[in-house]
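Understanding the architecture of this molecule
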There are 2 protein chains.
Amino acid sequence: MNDIVTRFEENPLLSPKDLTPSREGLTIACLLNPGVFIHEGKICLVVRVAERPEQNEFSVSFPILKEDGTTEIKNIHLNDADLIATDARVIRYKGSDYLTTLSHLRVLASDDGIHFHESARYPPIYGKGALESFGVEDCRVSQIEETYYLTYTAVSPSGVGVGLKTTKDWVSFQSHGLILPPHNKDCAIFEEKINGMFYALHRPSSMQLGGNYIWLAESPDGLHWGNHQCIARTRENGWENARIGGGASPIKTPEGWIVIYHGANEHHQYSLGALLLDVKDPSLVLARTHEPIMAPTQTYEKSGFFGNVVFTNGHVRHADQDKITIYYGASDEFVCGGVLSISDLFKALEQSPA
Amino acid sequence: MNDIVTRFEENPLLSPKDLTPSREGLTIACLLNPGVFIHEGKICLVVRVAERPEQNEFSVSFPILKEDGTTEIKNIHLNDADLIATDARVIRYKGSDYLTTLSHLRVLASDDGIHFHESARYPPIYGKGALESFGVEDCRVSQIEETYYLTYTAVSPSGVGVGLKTTKDWVSFQSHGLILPPHNKDCAIFEEKINGMFYALHRPSSMQLGGNYIWLAESPDGLHWGNHQCIARTRENGWENARIGGGASPIKTPEGWIVIYHGANEHHQYSLGALLLDVKDPSLVLARTHEPIMAPTQTYEKSGFFGNVVFTNGHVRHADQDKITIYYGASDEFVCGGVLSISDLFKALEQSPA
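Residues numbered from 1 in each chain as written. Chains lettered and ligands numbered in written order. Predicted model: local features only at pLDDT ≥ 70, side-chain atom pairs only at ≥ 80, totals over all residues. Heavy atoms only, no water.

With that out of the way, let us pick up the environment of A:Ile84. Residue and element names in this part refer to chain A. You can see isoleucine 84 is positioned in strand S6 (residues 83-84). Residue classification places isoleucine 84 among the partly exposed positions, given a relative accessible area of 46%. The spatial distance from the C-alpha of isoleucine 84 to the C-alpha of glycine 95 is 9.8 Å, given a sequence separation of eleven residues. Once you skip the residues sitting within four places of it in the chain, isoleucine 84 turns out to touch Ile91 and Arg92. (Helix = DSSP H or I, 4+ residues; strand = E, 2+ residues; numbered from the N terminus. Buried < 20%, exposed > 50% of the residue type's maximum accessible area, 1.4 Å probe, protein only. Contact = heavy atoms within 4.5 Å.)

So, on to unusual backbone geometry. In most cases, non-glycine residues show a negative phi, while peptide bonds are predominantly trans. The step from A:Pro182 to A:His183 runs through a cis peptide bond, and the omega angle for that step is -20°. Here B:Asp138, not a glycine, exhibits a phi torsion of approximately 50°, which is positive. For B:Asp138, the position within the fold is in strand S11 (residues 136-144).

The operation relating chain B to chain A is a screw motion whose rotation component is 180°, with 0.0 Å of axial translation and a residual RMSD of 0.0 Å. Both copies of the chain, as the preceding transformation shows, are related through a two-fold rotation axis. (Least-squares fit on C-alpha atoms with pLDDT ≥ 70 in both.)

Right, let's get into the interface of chain B and chain A. Counting from both sides, the interface comprises 46 residues of chain B and, opposite them, 46 residues of chain A. Across the chain B to chain A interface the summed buried area is about 3300 Å²; carbon plus sulfur atoms make up 63%. In terms of surface lost to chain A, no three residues of chain B exceed B:Met207, B:Leu209 and B:His224, which account for 20% of the buried area on that side. In this assembly, chain B and chain A are joined by zero salt bridges. Counting the contacts that link chain B with chain A gives eleven residue pairs in polar contact (both at pLDDT 80 or more). Of all the secondary-structure elements, those providing two or more residues to the side of chain B that touches chain A are strand S8 (96-99), strand S12 (147-156), strand S13 (159-167), strand S14 (173-180), strand S16 (198-204), strand S17 (214-219) and strand S18 (226-232) of chain B. (Buried area = accessible area lost by both parts, 1.4 Å probe. Salt bridge = Lys/Arg side-chain N within 4 Å of Asp/Glu carboxyl O. Polar contact = N/O pair within 3.5 Å; in protein donor to acceptor, adjacent residues only side chain to side chain.)

Set out below in structure tokens:
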């Protein structure tokens, strides 16, 4: 391992206890995987807030969003022979899958990038409609000119896909439905057009043939996507042999686009790696780190709602253009931050084909 | 069951022995799942031709398309402990999936809709590039004005997605890459725009949450797709509880768009059903058949390369506007045909919500 991230001493920056549940009867189980943007001079996080009812020792309880916006609580007795609950995040019951938590998105702002606060300035974003009845998760924010593009995971009994909203003021949002059908997540739009086209990374999953790989797509308008190409696959090593997926919008450098991505192994340990994509043709992978640039090492990264996870989908670039603050979810329960330098990243990016 | 299809007495219309393999060393294992179009006054089929090397009793042999267009034959000994070969169509070896056959598409023309012949007029269509190295399959053809849109399954180690080619003359083709990323197939474009937009049915598959359902997508240009919506899910009955997927381009009637689709149960038996979609908003399902309108009953539908399958992705409408000839793959080995009437279809389409 070649960990190049200097964690903040203040980590975790945010824990479930720091926020108030969205409604009575629910508790916040996890704060995680923030998208990041700059707005009105502040550093802002779009944090995923995962809630569930108080649990008791006899049953699993979980919330589902109904069409009218209210929440229904389902209870399943732990002795029920039809219940399969081996994963903290998903349960299977009578042939259907459910999430143990219901997520929405909340915006928190900061002057220093370390202390984040809720504000009435920013309304929360809840799932809406049949394709988001199990919630909205893991939002990436890309700013292109004056418009912010929010790509997030939309979850429902119909599957897990990528939803898109746009906004200019973080008060009124335009919903554009699912831009990528199931099973897909980890979508981030590049923050500038290339040859007149929008580009995005995304992570479809296959049931048979293929796997959990990083793909690239093109769009003339940011809403409709095509020419999907697979640019990076899992590798048979200790840290990214099960799943990989893109993080935040790629970072432009003269040498190419840097993608900080996550890789998970068969033990569901999540670490971070990096790709370097050609500036003019981002379907060309110029380099890829062999070792993780960050892996779970701290207590808050190793223990929590779902331990052994570092997962980033948001960052800000410093004025020196070399330093980057990445924000990341730790153990699916905490929001943390750390700093890395692009020159260290380039040292880690051996010039080896993907 | 409420079988409304009158099979042709000449069935099967095409069998593997009727065509010549594409190259020495391969035999044709299956002819199946034809797309259908009218061209220069003839009824034409785009037949999927699935080939493999001669098999012996000691090993499984299968072909893979290389980047240079040549074919590599892989051999795996049946005693190899790493080989999992329980499905005639797919094998698993050392953690990777492979197809047992390599498919390309071949166009056959007919004057009477029953006797089809190859012709030098129509070049075959082979998979090309990294995303089609396991072949191209199950092509739907939609004609919009003078352009034919070919949507087909593109298969490779990166997954199973939907490729698009367009042509006006069936000699020169424009490739548009994958319009839908893995795991996706069964895509058919509507043959006219609705409110200025292209529409298509497709069938993404989910690993967790969701299933094998029919989705609808929109596009401004036919190449880039968005606003994906789930319009029909599997149902707990004897014939479509495992998978459903759209057939050919929907049939326009004054009452709505008719979709003839396939459903498979847990025993991999494939039957046909129908949906009725709103004329102006095809995301609205107005009706759906409860019983199959066609199921495997004939010897050639029950026994073959992969038995108990009827699967259609092409049809022609008769001049009377009521009768339709559907062409279908039987047992993944034969091309067959039959006639049904739209008025019988409407009788089968109870007015029940999906």
